[in-house]
Amino acid sequence: MVNGFAISSSLGPGLVAFLPETSHHTLIPIAIWRPISYPIRIDPACILATANPPSGPPPQSCHLDPSPRTLLTDAMPTSPPPPAPDRKWWKSAVVYQIYPISFLDSNGDGLGDLRGILAKLDYLRDLGVDVLWLSPIYKSPLADMGYDISDYCDIDPRYGTLEDWDELCRGVHARGMKLMMDLVVNHTSDEHEWFLASKSSKSNPKRDWYIWRPPKFDAAGQRQPPNNWRSVFQGSAWEYDESTEEYYLHLYVAKQPDLNWDNPAVREAVWGLMRFWIERGCDGFRMDVINLISKADGLPDAPISDPEQEYQLASTLFANGPRAHEYIKEMHEKVLYKHDLITVGETPFTHDASQLAAYVLPANNELNMVFQFELMDLDAPLGVEHRPLEHREWSLKEFRAVVGRWQGFKREEGFWNATFIENHDHARAVSRFGNDSDEWRAVSAKMLAVLEVSLGGTQYVYQGQELGLRNFPRSWGVEEYKDVASQNYWNRVLEKRREEMRSRGEGEQDIDMSDVLDGFQRKARDHARVPMQWDATANAGFTDGTPWMRVNDDYETWNAAAQVDDENSVLGFWKRALRVRKTHEVLIYGDFADISSDHEQVFAYTRTLGNTTALVLLNFKETEVSFVLPSERGWSAFKLILQNYDGGLEDGRGIADRVLLRGFEGRIYVQS
Ligand code: NOJ
């Protein structure tokens with residue numbers, strides 16, 4: 001029996017746990033040499049794993065198992081531990097999200113595929129990427145573009161084969177990068193064999209793998225869903241199955257039935273599929289809507305927040321439910337703890353930082369970080385109902401408040417951010433937070449890059465963000481919006497307006513939907529999903545066939561080929577910016593302080609790590625502006641290390657107390 005451990009990876013430095021002989025691995029007094037203010041739970045599985053490191057051949061794959069946790073006797077500290085936050089490879093990593101269907105088509109069928117990704121690995125390595133995150137490439141009917149999986153252990157033939165995936169994995173690893181998969185396990189496809197079995201009869205052993213409930217009947221004897229929850233993609237969150245006369249729950253579209261995580265067999269099946277990919281070589285997981293896996297006990301009705309709607313917003317009842325943390329801890333105990341993976345949970349419907357902390361704090365043994373959406377939701381209307389397809393003007397003050405809150409959040413306890421401003425569920429950042437007109441597009445896209453690389457957290461870049469890709473134009477009709485979320489929203493509004501006209505006796509005539517299209521042009525997910533713009537040839541070099549979505553009109557002038565050798569392009573700037581981030585640890589790990597003092601168009605902040613301070617100045621408007629730096633400290637020793645205006649750096653130039661920033665100018669200075 002071992003009797004003590006230095007816990008270095010799961011608790012962070014500063015803690016030593018002593019395990020009494022009699023404890024049966026549960027009761028652990030802790031010696032602490034740095035003050036902490038949070039409860040500590042030691043994972044018995046970790047301790048056992050340390051005492052009995054895994055034996056047998058390494059996984060038949062490219063994945064390297066991490067070094068085992070260190071025994072106390074080997075690791076008694078001789079000097080004080082390094083200051084928080086701990087260094088981890090995934091903290092300083094740059095993650096690039098690929099939306100495979102729109103990345104590059106290698107076989108002319110109009111859909112991107114794995115061999116297309118393989119062909120671009122050097123491009124990604126040259127950009128400075130460390131980890132590729134693939135949006136789902138598993139077998140899927142594509143009812144929600146692959147977030148509806150019908151076989152977790154196979155590749156959809158549209159994207160290739162398992163052998164293609166292996167080759168991609170080898171190619172990624174050979175270039176020193178890692179590969180992260182999308183884990184979509186709140187729900188499956190209704191074509192998954194688990195669901196087909198579950199649906200086949202009430203007595204099928206898999207019946208309880210999904211959430212089935214009998215109907216309710218209203219006063220008129222009409223059959224009604226078991227509760228009033230609205231699906232995220234419109235309509236009731238319940239679908240009736242005629243043959244077994246029960247409803248199943250689907251928080252997204254009806255083709256995405258929710259798994260019943262309360263059933264231990266479901267959880268075991270999920271651990272199994274995670275192991276399948278880890279053993280094949282996958283280096284981590286982005287976990288789709290992972291905070292929805294536990295729903296409120298008894299599935300009660302949601303409060304009526306919108307009396308005009310039949311079904312109600314129910315996220316308080318289906319997000320961060322009572323057993324969510326228990327299940328994620330179990331995932332950690334059963335799968336994650338023995339691998340040095342990158343894990344990021346997607347946690348929508350939650351702006352309350354304290355609710356999200358528990359998923360991330362190292363003491364809890366859950367995930368490395370989460371995607372929270374407070375910044376992404378900034379330009380949606382305020383109010384209880386989440387209306388992501390509508391636009392609201394946002395202010396820089398709000399923007400700064402959100403960024404500042406998360407940058408400082410529970411740092412002393414080890415909370416770690418995921419830094420992102422684009423993904424496949426949001427319109428392009430330059431169109432939302434910059435100015436995507438021909439005049440300002442490049443410079444404002446670069447300014448947003450300065451913002452991104454100078455914030456603490458793991459850095460995420462979405463495909464095409466590095467080129468400054470923008471939303472497609474307002475002149476495109478609704479038929480170009482292929483996303484089920486856009487289509488369902490459109491149909492609901494159209495139907496509502498039709499009904500209103502009918503009730504006014506106005507009969508069938510054209511219905512004005514221009515306001516809805518205005519919203520779509522600014523906000524729809526579709527903008528991030530059009531084909532990647534590789535070059536000026538037909539279809540932007542994305543495919544030789546007919547692309548599954550129309551290519552944005554500007555591809556002849558705005559594409560990777562046009563930017564790749566141009567240091568002043570958005571792509572050239574991103575490469576430089578990522579190098580600057582990697583060579584200045586302060587930008588990754590430093591403490592954040594907002595020094596903007598309520599300025600209307602400048603976001604100014606410092607990052608400090610030990611003796612090094614970085615100063616970041618960002619002008620969020622077209623007009624030139626003068627910004628006065630706080631006088632409490634001297635700024636003359638600060639040197640400019642990154643700026644987004646052409647002409648290069650003014651070498652060695654110090655900084656005066658008043659700085660003139662040009663339209664959308666962004667700068668980073670460092671003093672050490
Ligand atoms: C979040 C994914 O990012 C999104 O694309 C998808 O529609 C929903 N989860 C449902 O899986």
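Parameters and conventions
Residues numbered from 1 in each chain as written. Predicted model: local features only at pLDDT ≥ 70, side-chain atom pairs only at ≥ 80, totals over all residues. Heavy atoms only, no water. 1 Å grid on protein atoms, 1.4 Å probe; cavity = no way out; pocket = protein on both sides within 12 Å on 5 of 7 lines; lining within 4 Å. Points joined across faces, edges and corners; volume = space filled by probe spheres on them. Helix = DSSP H or I, 4+ residues; strand = E, 2+ residues; numbered from the N terminus. Nonpolar A, V, L, I, M, F, W, Y, C, P; charged D, E, K, R; others polar. pLDDT = per-residue confidence, 0-100. Contact = heavy atoms within 4.5 Å. Pairing = 2+ DSSP bridges. Axes fitted to C-alpha atoms, helices over the stretch in contact; angles between N-to-C directions. Near = heavy atom within 4 Å. Polar contact = N/O pair within 3.5 Å; in protein donor to acceptor, adjacent residues only side chain to side chain. Areas by Shrake-Rupley, 256 points an atom, 1.4 Å probe, with all protein chains shown as cover. Expected span 1.5 Å × (residues − 1). Buried < 20%, exposed > 50% of the residue type's maximum accessible area, 1.4 Å probe, protein only. Salt bridge = Lys/Arg side-chain N within 4 Å of Asp/Glu carboxyl O. Phe/Tyr/Trp six-rings, centres within 6.5 Å; stacked < 30°, edge-to-face > 60°. Lys NZ or Arg CZ within 6 Å of the ring centre and 35° of its normal. Parallel < 35°, antiparallel > 145°, perpendicular 65-115°, else oblique. Left-handed = near helix turned anticlockwise from the far one by under 90°. Core = buried A, V, L, I, M, F, W, Y, C linked by side-chain atoms within 4.5 Å.

A few words now on empty space enclosed by the protein. Using the criterion set out here, one finds six cavities of 30 Å³ or more in the structure. Elements supplying a minimum of two residues to the lining of the largest cavity: helix H10 (396-408), strand E17 (418-419) and helix H12 (441-453). Sorting elements by how many residues they give to the lining of the largest cavity places H10 first, with four residues. Looking at the lining of the largest cavity, its residues break down into nine nonpolar, four polar and two charged.

This part takes up the confidence of the model for the protein. Scored by pLDDT, the protein comes out at a mean of 88, with 86% of its residues at no less than 70. The weakest mean pLDDT in the protein belongs to helix H1 (residues 44-51) at 30; the strongest belongs to strand E4 (residues 94-98) at 99. In the model, residues 1-82 has pLDDT below 50 throughout and makes 133 contacts with residues more than four positions away in sequence or in other chains.

Within the open sheet, the five strands sit side by side as E19-E20-E21-E25-E23. Their pairing is antiparallel. Unpaired on one side and paired on the other, strand E19 (591-594) and strand E23 (639-643) mark the two borders of the sheet. Sheet twist, expressed as the average angle between the axes of neighbouring strands with direction ignored, equals 20°. Pairing analysis gives six bridges linking strand E21 (residues 612-619) to strand E25 (residues 666-671), with the strands arranged antiparallel. Residue pairing for E25: Ala-614 is matched across the bridge by Val-670.

A few words on the site of the ligand. As a matter of local geometry, the ligand sits amid 14 residues, with Asp-144, His-187, Asp-288, His-424 and Asp-425 nearest to it. Within the side chain of Asp-144, an N or O atom sits 2.5 Å from an oxygen atom of the ligand. The contact in question runs from an oxygen atom of the ligand to an N or O atom on the side chain of Arg-286, over 3.0 Å. Computed on the free molecule, the ligand has an accessible area of 300 Å², of which 98% lies beneath the protein chains in the complex.

For an α-helix, the turn length of 3.6 residues means that residues three or four places apart are oriented alike. Helix length check: helix H6 (residues 264-280) (17 residues) gives 25 Å between terminal C-alpha atoms against 24 Å at 1.5 Å per residue, within 8%. The set of residues buried in H6 consists of Val-266, Arg-267, Ala-269, Val-270, Trp-271, Leu-273, Met-274, Trp-277, Ile-278 and Arg-280. You can read the cap of H6 off the contacts: a side-chain oxygen lies 2.9 Å from the backbone nitrogen of Ala-265, and it is on Asn-263. Two residues or fewer after H6 comes Gly-281, characterised by a positive phi angle close to 130°.

Taken as a whole, this structure holds 51 salt bridges when the rule is applied. Where Arg-286 meets Asp-288, a salt bridge forms, and the shortest distance between an N and an O atom there is 2.8 Å. With respect to burial, Arg-286 and Asp-288 carry one shared label: buried. For Glu-374, the salt bridge identified is with Arg-405, shortest N-O distance 2.4 Å. Of this pair, Glu-374 sits in the loop between strand E16 (369-371) and H10 while Arg-405 sits in helix H10; the two residues are 31 residues apart in sequence, bridging distant segments of the chain. The class for Arg-405 is partly exposed, based on a relative accessible area of 40%. Bridged by salt links that share partners, the residues Asp-144, Asp-425, Asp-483, Arg-525 and Arg-529 form one connected network.

As a further point, take the packing of aromatic side chains. Inspection of the entire model under this criterion finds 44 aromatic pairs. Taken together, a centroid distance of 6.4 Å and an interplanar angle of 70° make the contact between Tyr-96 and Phe-103 edge-to-face. For the residue pair Tyr-96 and Phe-103, the accessibility class agrees, reading buried in each case. Counting every residue linked through ring pairs, the aromatic cluster contains Tyr-138, Tyr-152, Trp-165, Trp-194, Trp-209, Phe-276 and Trp-277. Just above the ring of Trp-209 sits the side chain of Lys-206; from NZ or CZ to the centre is 4.7 Å.

A few words on the environment of Pro-630. You can see Pro-630 is positioned in the loop between strand E22 (625-628) and E23. Once residues within four sequence positions are removed from consideration, Pro-630 is found in contact with Ile-595 and Trp-635.

It is at 11 Å that the axes of H6 and helix H8 (residues 324-334) come closest, and there the two elements cross at 45°. Between H6 and H8, the interaxial angle falls into the category oblique. Once H6 is placed against H8, the crossing between them reads as right-handed. Touching Arg-267, Glu-268, Trp-271, Met-274 and Arg-275 of H6 are Tyr-327, Glu-330, Met-331 and Lys-334, all from H8. In terms of residue class, the contact of H6 with H8 is made up of four nonpolar, no polar and five charged.

Okay, helix H14 (residues 514-523) next. For H14, the full list of buried residues reads Val-516, Leu-517, Gly-519, Phe-520, Gln-521 and Lys-523. Looking at the buried side of H14, the elements it contacts are helix H11 (429-432) and helix H13 (484-503).

Spatially, the three strands line up as an open sheet ordered E9-E13-E12, and their pairing is antiparallel. Edge positions in the sheet fall to strand E9 (212-213) and strand E12 (238-241), since each of these pairs with one other strand and no more. Looking at chain direction, E12 and strand E13 (residues 246-249) are connected through four bridges and run antiparallel. Residue pairing in the sheet places Asp-241 in a bridge with Glu-246 of E13.

Okay, the packing of H8 against helix H9 (residues 353-360) next. Between H8 and H9, the shortest axis-to-axis distance is 10 Å and the interhelical angle comes to 20°. By the angle between their directions, the pair H8 and H9 is classed as roughly parallel. Note on packing geometry: the crossing formed by H8 with H9 is right-handed. Two secondary-structure elements touch here, H8 through Ala-324, His-325 and Ile-328 and H9 through Gln-355, Ala-358 and Tyr-359. Taken together, the residues that form the contact of H8 with H9 break down as four nonpolar, two polar and no charged.

In this section: the nonpolar core. Core analysis: the biggest nonpolar cluster contains 163 residues, and Tyr-96, Trp-165, Met-274, Phe-399 and Tyr-460 have the highest contact counts within it. Setting aside chain neighbours within four positions, we find Tyr-460 in contact with Val-95, Trp-133, Met-180, Ile-342, Val-344, Met-369, Phe-371, Ala-418, Thr-419, Phe-420, Glu-452 and Gln-465. Counting 22 residues, the second-largest nonpolar core is a separate cluster that includes Trp-238, Tyr-247, Val-253 and Ala-485.

Let us now look at the side chain of Lys-575. Take Lys-575: it is sitting in helix H16 (residues 570-583). Look past the residues within four positions of Lys-575 in its chain and what remains in contact with it is Asp-126, Leu-127 and Val-564.

All right, on to the environment of Ile-588 then. Within the fold, Ile-588 resides in helix H17 (residues 585-589). The spatial distance from the C-alpha of Ile-588 to the C-alpha of Gln-459 is 8.7 Å, given a sequence separation of 129 residues. The contact partners of Ile-588, leaving out residues within four places of it in the chain, are Lys-91, Ser-92, Trp-416, Gly-456, Gly-457, Arg-581 and Arg-607.

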